[in-house]
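In case you want the letters, here they are:
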Amino acid sequence: MDDPLKLENQVCFALVTAARNVVSLYRPVLEPLGLTHPQYLVMLALWEKTPRSLGALAAELAMEPATLSPLVKRLETQGRVVRRRRAEDERVLDIDLTDAGKALRAEAIRVPGLIMQRVGVDEADLVALRDGLAPFAAPTRD
């Protein structure tokens, strides 16, 4: 590395730029589904397991509940999720899929393949990239 402070040598810059570009790649693919990229992430988590509390969902998505709440409300307005207070503890807000939310999964199943096609990589390349980013996704060590 010729200059450790050169912008193009910064991992943080490469990651931020790549993240912004990834979201741009997803936009036209998700638009026909009526989802934004953050909403897509919420739906992915809910397709894995429902119902979930807002807090548990926020933790899995590495988001603040206050940031996640408006996304969930929009998904509820779209008829894809339902929010309910837990009967045994009304402080807990559970999020569950509606039938329409469950059905959307069948359409969304094409998204990963379309993204791979747009980027020009195969599944093995994406798995290697994801696994290579794991140290950056882990909680920081002090």
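Numbers given for residues are sequential positions, taken from 1 along each chain in its written order. Selection of residues for local features in this predicted model requires a pLDDT of at least 70, selection of side-chain atom pairs for listing and counting requires 80 or more, and totals for whole chains, interfaces and linings are taken over all residues. Only hydrogens and water are set aside; all other atoms, that is, all heavy atoms of the structure, feed into the side-chain values.

### Quick notes on a nonpolar patch on the surface
Link 1 in the chain: For patch detection, residues must exceed 30% relative accessible area and be free of salt bridges, and they are connected within 9 Å for like charges or within 5 Å for nonpolar side chains (Val, Leu, Ile, Met, Phe, Trp, Tyr). For the area figures, the Shrake-Rupley method with a 1.4 Å probe applies, and any residue is considered shielded solely by the protein chains shown. Every case where a carboxyl oxygen of Asp or Glu lies within 4 Å of a side-chain nitrogen of Lys or Arg is listed as a salt bridge. A cluster of nonpolar side chains, namely V11, L15, L126, L129, L133 and F136, defines an oily patch on the protein surface of about 510 Å² accessible area.
Link 2 in the chain: The way it works is that DSSP assigns letters per residue, a run of H or I at least four long becomes a helix, a run of E at least two long becomes a strand, and they are numbered from the N terminus. Of all elements in the fold, only α1 (11-30) and α7 (123-137) reach the threshold of two or more residues within the nonpolar patch.
Link 3 in the chain: Position of L15 relative to the elements: it lies in helix α1.

### Side note on the confidence of the model for the chain
Link 1 in the chain: pLDDT is defined as a per-residue confidence score from the predictor, taking values between 0 and 100. Looking at the chain as a whole, the pLDDT averages 93, with 96% of positions reaching at least 70.
Link 2 in the chain: When pLDDT is averaged over each helix and strand of the chain, the minimum, 91, is found for α7 and the maximum, 98, for helix α5 (residues 99-108).

### Thoughts on the packing of aromatic side chains
Link 1 in the chain: Between the rings of Phe, Tyr and Trp (Trp by its six-membered ring), a pair exists once the centres lie within 6.5 Å; its type follows the angle of the planes, with under 30 degrees stacked, over 60 edge-to-face, and the other angles tilted. Tallied over the entire structure, the rule returns 1 aromatic pair.
Link 2 in the chain: Note on Y26 and Y40: the rings are 5.8 Å apart at their centroids and 40 degrees apart in plane angle, and the pair reads as tilted. Here Y40 lies in helix α2 (residues 37-48) and Y26 lies in helix α1, a separation of 14 residues in the sequence.
Link 3 in the chain: Partly exposed describes any residue whose relative accessible area lies between the buried limit of under 20% and the exposed limit of over 50%, with all areas from a 1.4 Å probe on protein chains only and scaled to the type maximum. Judged by relative accessible area, which is 16%, Y26 ranks as buried.

### Observations concerning the nonpolar core
Link 1 in the chain: Residues belong to one nonpolar core when they are buried, are Ala, Val, Leu, Ile, Met, Phe, Trp, Tyr or Cys, and are joined through side-chain atoms within 4.5 Å. Ranked by internal contacts, the top residues of the largest apolar core, which has 26 residues, are L35, M43, L57, L68, V81, I95 and V111.
Link 2 in the chain: For this core, the elements supplying multiple residues, two or more each, are α1, α2, α3 (54-60), α4 (65-77), β3 (89-97), α5 and α6 (111-119).
Link 3 in the chain: By the convention used here, residues are in contact when the closest approach between their heavy atoms is within 4.5 Å. Every residue in contact with V111, bar those within four places of it in the chain, is listed here: Y26, V29, L30, L33 and Y40.

### Focus on the sheet that holds β3
Link 1 in the chain: Criterion used throughout: strands pair if DSSP finds at least two bridges between them. Ordered in space as β1-β3-β2, the 3 strands form an open sheet in which the pairing is antiparallel. Single-partner strands in this sheet number two, and they are β1 (52-53) and β2 (81-86).
Link 2 in the chain: Bridge analysis of β2 against β3 gives 6 bridges, and the strand direction is antiparallel. Within β3, the residue paired with R83 across the bridge is I95.
Link 3 in the chain: Here α2 sits on the sheet and contacts β1, β2 and β3; the angle it forms with β3, its principal contact strand, is near 95 degrees. Only C-alpha atoms enter the line fits that serve as axes; for helices the fit covers just the stretch in contact. Angles between N-to-C directions range over 0 to 180 degrees.

### Focus on the packing of α2 against α4
Link 1 in the chain: Following both chains from N to C, one finds α2 and α4 inclined at 80 degrees, their axes separated by 10 Å at the closest point. The orientation of α2 with respect to α4, classified from their angle, is roughly perpendicular. Every residue of α4 that contacts α2 at P38, Q39, V42 and M43 is listed here: L68, L71, R74 and L75.
Link 2 in the chain: Three classes are used, and their members are as follows: Ala, Val, Leu, Ile, Met, Phe, Trp, Tyr, Cys and Pro are nonpolar, Asp, Glu, Lys and Arg are charged, and the others, Gly among them, are polar. Residue classes in the contact of α2 with α4 are distributed as 6 nonpolar, 1 polar and 1 charged. Oblique is the label for every angle not falling under 35 degrees (roughly parallel), over 145 degrees (roughly antiparallel), or within 65 to 115 degrees (roughly perpendicular).

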